[in-house]
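# Structural features, examined
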Amino acid sequence: MQTAEIRSRFLDHFAARGHTVVPSAPLPTPDPTLLFVNAGMVPFKPYFTGEAEPPWPRAASVQKCVRTLDIEEVGKTTRHGSFFQMNGNFSFGDYFKEEAIAQAWELSTAAPADGGFGLDPGRIWVTVHHSDRESADLWARISGLPAERIVERGDADNFWSMGVPGPCGPCSELYYDRGPALGRDGGPAVDEDRFMEFWNLVFMQYERGAGAGKTGYPILGELPRRNIDTGMGLERMATLLQDVPNLYETDQLRPVLDRAAGLAGVRYGADPQADVRLRVVADHVRTALMLLVDGTAPGNEGRGYVLRRVLRRAVRAMRLLGYQDPALPELLPVARDRMADSYPETAADYPRIAELAGAEEEVFRSTLRQGSTVLDTAIRRAKDSGAPALDSAEVFRLHDTYGFPVDLTLEIAAEQGVAVDRAGFTALMEAQRERARQDTRANKAHHADTTAYRALLADHGPTDWLAWETLSTESTALALFDALGTPVATLPAGAIGTVVLNRTPFYAESGGQAPDAGHLTGPDGTDAEVIDVQRPLPGLVAHQVRVLAGELATGTPVHAEVDAGWRLGARQAHSGTHVLHAALRRVLGPTALQSGSYNRPGYLRLDFPWRSALSAAARSEVEEVANRALRDDLPVSAAWMSLERARELGALALFGETYGERVRVVEIGGPWSRELCGGTHVDHSSQIGVLALTAESSVGAGLRRVEAAVGLEGFGYLARERDLVARVAEQLQAPRAELPDRIAALTARLKAADQQAERLRQQALERRAAEAAPTAEDVRGVLLARLADGGDPGETRQLARAVRDRLPADRPGVAAVTGSGPKGGHLVVAVNRTGRDAGLHAADLLREVLGGRGGGNADTAQGGGLGADELERAAATLPERLAVG
């Protein structure tokens, strides 16, 4: 049974039993404790914690998940991958243990002809928590399993919580016996390779308190509403139903693995080390595909860094297998074809995916070349200094700064006969991981402190949000928090704090649009400036304010009013972003799809995948297309519809956003621009005023950013450009039309003058070197040429080498030149080849003369840090240091 069919059977089974089928949320998640969705229940977390009211009593989904905590271990075993799919059915206070157990058993064991998976009941084992006698009895009655195959286990295996105060409860896991060839008999407690877990049913019935670990917290009591959260691993079920040894040999991964093996000319199963690399490739190529389709772009931090790492590990694994050509163009299409049945967007959006992935591989291939140069230098330095191993800080810098794989560093160093301080490198990596863990713990601690907001939501319901309808409303302050987030009764004049209102016209920051500005005023003269607006929980709007006069108090009425000028500017910028997006796609093609944006009054920026800088002609055309749309006064409208209908209309969705079953579609000129959007917009495109591109730059491999000024700020930008051109024309005494030619001619003359000045400088330097070389003194068989006033550090270095090169080649020779620059005096020592062969070392001589200061190599060394007189005295001791071994 193919994976896509297993997926559809699961959803059909639960849809027929009253569950709403919910599409997979995008992998990037708004949850601040996570980079990506890492479990099937994550999108439903607000419903389980009480932060939001579930829109359905029961639901089912197949959720895309990514886990990368132990990415280095991927492929070393066959049990886990970085991308996986989790089938889940959920009940929000509807059914509980009995129905959940019955539904799981029926789907698992029913014949394929009846819509089930057809697993042999005689090979299924069940585990329950040792305290959960109810579940054990239900399994015995519903499934007929004998008592010896219903196993009680402890907290570590069969009790679940989110790791923070909130819902928790016992769980029950289903295992399948894959036969004696895979391990010992005795059930999952004995061997979890032979007995593979394929489904976990969590029974949320308790509320836990604060505490660490699996058992270090108190159970506070029963939940007022009991919930069901189950997870069936889709890859694990495919492994069972396709009767293959592991997930890497299922229908979605094995074709990628086989293509990689074919390209590299190896056979899977012939060499354990090659097998690990092939599994890395298969897993990482699919993971990268799914991250790219959900809008993640390669970058240097956060989600982008995870994707970059996954892509580079795949490319590196192919190179280790012996394949040196670009690999992703060969492998990604295979992954696309295997995933498209379940996720059609992988095929529909493939041109953009291929663009980003190809650019990243190209950059990494360049990185490998650059890193190899840096590594070669470090190896030479280690050899010259006689160091026992390559410095761990250097290895870490290669890994962290250049993205150079540490296994490649180990391989190249070993070839050169140099060891690597692996323990030191490991310590530096662990320190970096610990910093990341501390950041994560800090984020979790911050995120977990939503008790007061959750209570507000429970007591008063969601904020009555009127930002689409009005700029002002009468309201009431439901709760106040001080600058540290502590609930308070009042906020006095001068204080900064947070206010939650029962209704608000303020737009909370989202979808790239900056929050509104404005004021909250009270009948007694209270005036509070609104400086930020956020949503601490879905449905709840919080206003950060600065109290200018009077005192804000809980329960008092306020008049909430948005700054009309600010909102107009925000509407112009947000609509301008849509216009610019549409213009880019018309000029550059459909792969120029927005992957991030930000807009505030007067300003917008938009990121999109593109490999190279836009030409002046392309920028001009984009700007013209956008402003023609403004001139045409296109109508702007917003309408609510089903997500399916929006897709049928071709509405563009922003990557990383999570959408419900009904979505808001904003159109500018009908199909000219049609996007899913929750922002505020103008009524007609002409109200944007003008759109002036102000910058275009790179923000990562294969990712460009355009910036623009709109509205009055756009007119102001163009006026400043006009004035600048006028001043340049006046200074050059040339008509504006002739400015490009005049400036080009002036630039050419300046370049010629610079080249002439450089030639004269080089001639002067050569004359000085020619004059200095014959004055070299013989010091114990070494010719020593000394010269003062070498100029700045670069000139001094050039002069020292020029003097050295003019010394007789058949005798050991040393040139020592002092100079001065903005940072004080410096000394350069240069040794000719005969001197080096005789045992002279420029860096050693320099350090002896300067008392350890400076650095370089055997050929040339430079140092400073002394005053002019001290430097001369130090240089004068050089003859004493000369000795030919």
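The following refers to the structure shown. Nothing here was measured: the structure is a model prediction, and the numbers come from that model.

### Looking at the packing of aromatic side chains
The relative placement of two aromatic rings is captured by the distance of their centres and the angle of their planes. Per the stated rule, a full pass over the model turns up 19 aromatic pairs. Ring geometry for F44 versus F90: centroids 4.2 Å apart, planes at 35°, classification tilted. On the criterion of sequence distance, the pair formed by F44 in the loop between β1 (20–21) and α2 (45–49) and F90 in strand β3 (residues 83–92) is long-range, its members being 46 residues apart. Across this residue pair, the class does not change: F44 and F90 are buried. Between F48 and F90, the ring centres sit 6.3 Å apart and the planes meet at 50°, which makes this aromatic pair tilted. Of the two residues, F48 is situated in helix α2 and F90 in strand β3; the sequence distance between them amounts to 42 residues. Considered together, F48 and F90 belong to a single accessibility category, that of buried residues. Site record: aromatic cluster; members linked through ring pairs are F44, Y47, F48, W56, F90 and F92. The residue whose ring lies beneath R336 is Y350, and the NZ or CZ to ring-centre distance is 4.4 Å. In this arrangement the basic side chain of R664 is found over the ring face of W468, its NZ or CZ atom lying 4.2 Å from the centre.

### A short note on the pattern of salt bridges
Counted by the stated rule, this structure contains 43 salt bridges. Ionic pairing is found between D185 and R194, a salt bridge with its closest N-O pair at 3.9 Å. Overall, D185 belongs to the exposed group, its relative accessible area being 53%. A salt bridge links R804 to D805; the nearest nitrogen and oxygen atoms lie 3.1 Å apart. When salt bridges with common partners are traced through the structure, they connect R804, D805, R836 and D859 into a single cluster.

### Notes on the sheet that holds strand β24 (residues 662–668)
With antiparallel pairing, the three strands of this open sheet are ordered in space as β23-β24-β25. Each edge of the sheet is formed by a strand with only one pairing partner; in this case those strands are β23 (636–642) and β25 (673–676). Geometrically, the sheet is characterised by an average inter-axis angle of 25° between neighbouring strands, direction not taken into account. Pairing between β24 and β25: four bridges, direction antiparallel.

### Describing the nonpolar core
Counting 108 residues, the largest nonpolar core has F10, W199, V285, M318 and L390 as the members making the most contacts within it. Of the residues forming this core, the biggest block, 12 residues, is contributed by helix α8 (residues 272–293). Beyond its immediate stretch of four places on either side in the chain, V285 contacts V256, A314, L328, L331, L332 and A335. Within the second largest apolar cluster, 31 residues are counted, among which are A583, L588, I668 and L693.

### Here we look at the sheet that holds strand β30 (residues 813–821)
The mixed open sheet is built from six strands, whose spatial order is β28-β29-β30-β31-β33-β32. At either end of the open sheet lies a strand with only one pairing partner, and these are β28 (777–779) and β32 (855–856). Where strand β29 (residues 782–787) and β30 come together, five bridges link them in parallel fashion. The residue bridging R786 from the neighbouring strand is A816, located in β30.

### A look at unusual backbone geometry
Excluding glycine, most residues fall at negative phi; most peptide bonds, likewise, are trans. Even without being a glycine, D633 presents a positive backbone phi close to 55°. Looking at the secondary structure, you find D633 in the loop between α18 (616–631) and β23. Residue classification places D633 among the partly exposed positions, given a relative accessible area of 34%. Phi is positive for R780, which is not a glycine, with a value near 50°. You can see R780 is positioned in the loop between β28 and β29.

Calculation criteria
- Residues numbered from 1 in each chain as written.
- Predicted model: local features only at pLDDT ≥ 70, side-chain atom pairs only at ≥ 80, totals over all residues.
- Heavy atoms only, no water.
- Phe/Tyr/Trp six-rings, centres within 6.5 Å; stacked < 30°, edge-to-face > 60°.
- Helix = DSSP H or I, 4+ residues; strand = E, 2+ residues; numbered from the N terminus.
- Buried < 20%, exposed > 50% of the residue type's maximum accessible area, 1.4 Å probe, protein only.
- Lys NZ or Arg CZ within 6 Å of the ring centre and 35° of its normal.
- Salt bridge = Lys/Arg side-chain N within 4 Å of Asp/Glu carboxyl O.
- Pairing = 2+ DSSP bridges.
- Axes fitted to C-alpha atoms, helices over the stretch in contact; angles between N-to-C directions.
- Core = buried A, V, L, I, M, F, W, Y, C linked by side-chain atoms within 4.5 Å.
- Contact = heavy atoms within 4.5 Å.

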